[in-house]
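Results of the structural survey
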Amino acid sequence: MATTPDEEFWSKHARSTLGPLLSLAGTYTASDQASHLRFFDEHVASCLGSQPVDPKVEYWASPDLAGTRFEVSLNLTTRGKAKVRLSFDLLRDGTGPDPFGEKNAREMLHRLCSATGGDPRLMDHLMKAFFLSPSETEALRDKVRPHMQIPPACIAFELEGHRQILKAYIPIVRKSSLGKSAVDITLNALRDLETLGYDLSYNLDLLDEYLASCQGEADPIMIGIDCLDPKTNQGSRVKVYVHLKTCTFATARDVITLGGRLSGEPTLKKVNLLRSIWHLLLNESDGISDDKIDTWSKQERSPGAAFSGVLFSIDLAAGKKMPDIKIYVPVFQYAKRTETAFRNTNAILKTVGHEWGQTGRFDEVATAVFGRQKAHGQSHLSYSYTESKGVYITAYFSMPVFHGEQITSFYNILD
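My aim in this report is to walk through the structure given alongside it, one point at a time.

Calculation notes
- Residues numbered from 1 in each chain as written.
- Predicted model: local features only at pLDDT ≥ 70, side-chain atom pairs only at ≥ 80, totals over all residues.
- Heavy atoms only, no water.
- Helix = DSSP H or I, 4+ residues; strand = E, 2+ residues; numbered from the N terminus.
- Buried < 20%, exposed > 50% of the residue type's maximum accessible area, 1.4 Å probe, protein only.
- Contact = heavy atoms within 4.5 Å.
- Areas by Shrake-Rupley, 256 points an atom, 1.4 Å probe, with all protein chains shown as cover.
- Axes fitted to C-alpha atoms, helices over the stretch in contact; angles between N-to-C directions.
- Parallel < 35°, antiparallel > 145°, perpendicular 65-115°, else oblique.
- Left-handed = near helix turned anticlockwise from the far one by under 90°.
- Nonpolar A, V, L, I, M, F, W, Y, C, P; charged D, E, K, R; others polar.
- Core = buried A, V, L, I, M, F, W, Y, C linked by side-chain atoms within 4.5 Å.
- Phe/Tyr/Trp six-rings, centres within 6.5 Å; stacked < 30°, edge-to-face > 60°.
- Lys NZ or Arg CZ within 6 Å of the ring centre and 35° of its normal.
- Expected span 1.5 Å × (residues − 1).
- Arc of directions from axis to C-beta.
- Polar contact = N/O pair within 3.5 Å; in protein donor to acceptor, adjacent residues only side chain to side chain.
- Pairing = 2+ DSSP bridges.

**Some remarks on the overall build of the chain**
- Along the chain, the regular secondary structure elements total 15 helices and ten strands.
- Residue burial in the chain is summarised as follows: out of 415 residues, 56% are buried.
- A sequence separation of at least 24 residues applies to 70% of the contacts in the chain between residues at least 6 apart.
- When the accessible area of the chain is evaluated, it comes to approximately 17,400 Å², of which 49% is carbon and sulfur surface.

Here it is as structure tokens:
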């Protein structure tokens, strides 16, 4: 149970967002729902810090999480059941012997890994690779403005039945800001993982070739992992997140195919399906003409923000030879009102043949859970396609660190 006013705030907030989403997803029993809310109270609420106030900080955040104190997401596939996830960024105070919050992040991740029965070995390997040495900490302390937030880690949970599966995301920006190549840092950390149950050599070679061909236009920014033993959980993933500044269909096609290196039928189907929904992702209800769709880009509402452009994850799964590549589009950059993003997402699901789109259920559920409160908005939508899962869509509902007027002030939102 919540023991402080801040924990009580987050516990109540979870019951106004996570609770109803679990109920309306249609996947979780009453016992499952109670298990997840109890887990939140016992293990997550204390991680979220003080309840939202007008923050006085500039914020750097992983584009995937869009600078969020607390986020819930809904995953829908055409060949599976709806799944709910929750996630949050770790914040740091920028003072004392742990100025970037890495010691606190390490302790928190180990505690949550233990609470979920996860496997910490890959997480430990990546923290060793990406967290700073004492000398690097001192060197970076002088480079970062006192109140600039660079989360040491982001944490997520996939809610599977009554279980919580821990996912850890570790940004690369601290190491790369010290003058080291983000590509080299990433690939060096992910090679030679066979002893941990991951043979990623073929996929890493593909990724290395592709990133080299991009000449710095596509740099890794973050690594995400499932905190599971890959030897007993085939499909356990290492995800390399790559950010590009330009959001065009040609860019998306290039990344999804790794510059033409992936050309099988499932990849081509993934590209064609994405083409059919591209205009809806960009809030262009009337469509985009065939002669413009490849290179046309839409003016962002918040140009230059850390969560602008477009994000991709290259998912490298244990036991699989080919990577799965997902695209994450910041739909808030193109739709001023979150209800517009809801309608566009519903139209996307309808276009790809998902029941939640055909019946209008997505719009109904999103509006029922988030439409009457202003704390959360739909920030991103991710898309992929695989033969096993079919079309894969995730809608992210974030509580921003900034209030709306502060975002406008800091990032010059164009409305």
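Now that the structure is up, let's keep going.
**Thoughts on the environment of Ser-398**
- Counting through the fold element by element, Ser-398 comes out in strand β10 (residues 390-400).
- Each C-alpha atom of the pair Ser-398 and Glu-71 lies 4.4 Å from the other, and the pair is 327 residues apart in sequence.

**Regarding the packing of helix α12 (residues 338-351) against helix α14 (residues 361-370)**
- Packing of α12 against α14 leaves a shortest axis separation of 8 Å and a crossing angle of 150 degrees. Here α14 runs roughly antiparallel to α12, going by the angle between their axes. When you trace α12 past α14, the crossing you get is right-handed. Between α12 and α14, the residues in contact are Phe-342, Arg-343, Thr-345, Asn-346 and Leu-349 and Arg-361, Phe-362, Asp-363, Ala-366, Thr-367 and Phe-370, respectively.
- Counted by class, the contact of α12 with α14 contains five nonpolar, three polar and three charged residues.

**Section: the nonpolar core**
- Core analysis: the biggest nonpolar cluster contains 113 residues, and Leu-18, Phe-157, Leu-274, Trp-278 and Phe-362 have the highest contact counts within it.
- The element that contributes the greatest number of residues to this core is helix α11 (residues 265-281), accounting for seven residues.
- With sequence-adjacent residues up to four places away left out, Phe-157 is seen in contact with Phe-39, Val-44, Val-84, Arg-85, Leu-86, Phe-88, Leu-112, Thr-116, Gln-164, Ile-165 and Leu-166.
- By size, the runner-up hydrophobic cluster in this structure holds nine residues, among which are Cys-154, Ala-156, Tyr-169 and Tyr-328.

**Thoughts on the packing of aromatic side chains**
- Evaluated as defined, the whole model comprises eleven aromatic pairs.
- Three or more aromatic residues link up through ring pairs in this structure, and these residues are Phe-9, Trp-10, Phe-40 and Phe-70.
- The side chain of Arg-361 reaches across the aromatic face of Trp-356, ending 4.8 Å from its centre.

**Some thoughts on helix α9 (residues 201-214)**
- Taking 1.5 Å per residue, 14 residues should reach 20 Å; α9 reaches 20 Å between its end C-alpha atoms and fits that length.
- Where α9 is concerned, the buried positions are Asn-203, Leu-204, Leu-206, Leu-207, Tyr-210, Leu-211 and Cys-214. Buried residues along α9 cover an arc of 155 degrees about the axis, so they all sit on one side.
- Taken together, the buried residues of α9 touch α8 (182-190), β5 (219-226), β6 (237-244), α10 (249-256) and β7 (310-317).
- Just downstream of α9 lies Gln-215, where phi reads positive at about 50 degrees.

**Quick look at the packing of α11 against α12**
- α12 packs onto α11 with a crossing angle of 165 degrees between their chain directions and a minimal axis gap of 9 Å. Taken together, α11 and α12 sit at an angle that is classed as roughly antiparallel. In terms of crossing hand, the pair formed by α11 and α12 is right-handed. Listed contacts from α12 to Ser-276, Ile-277, Leu-280 and Leu-281 of α11 are Asn-344, Ala-347, Ile-348 and Thr-351.
- Taken together, the residues of the contact of α11 with α12 sort by class into five nonpolar, three polar and no charged.

**Section: unusual backbone geometry**
- We note that Leu-258 has phi near 50 degrees; this positive angle belongs to a residue other than glycine.
- Relative to the helices and strands, Leu-258 resides in the loop between α10 and α11.
- Despite not being glycine, Asn-283 shows a phi value in the positive range, around 60 degrees.
- Following the sequence through the fold, Asn-283 ends up in the loop between α11 and β7.

**What to know about the side chain of Lys-167**
- Positionally, Lys-167 belongs in strand β4 (residues 163-171).
- In this structure the side chain of Lys-167 is engaged in a polar contact, spanning 2.7 Å, whose partner is the side chain of Asp-226.
- With residues up to four places along the chain from it excluded, the contact list for Lys-167 reads Cys-154, Ile-155, Ala-156, Glu-158, Ile-225, Asp-226 and Arg-237.

**Examining the pairing of β7**
- Where burial is concerned, most of β7 is hidden: eight out of the eight residues are buried.
- In this sheet, β7 lies alongside β6 in antiparallel orientation, the contact comprising eight bridges. Paired with Arg-237 across the two strands is Ala-317, which belongs to β7.
- Both β7 and strand β8 (residues 324-329) contribute to a ladder of five bridges, which runs antiparallel. Across the sheet, the residue bridging to Ile-314 is Ile-325, located in β8.
- The antiparallel hairpin formed by β7 and β8 contains six residues in its connecting segment, where Gly-319 sits at a positive phi of about 85 degrees.

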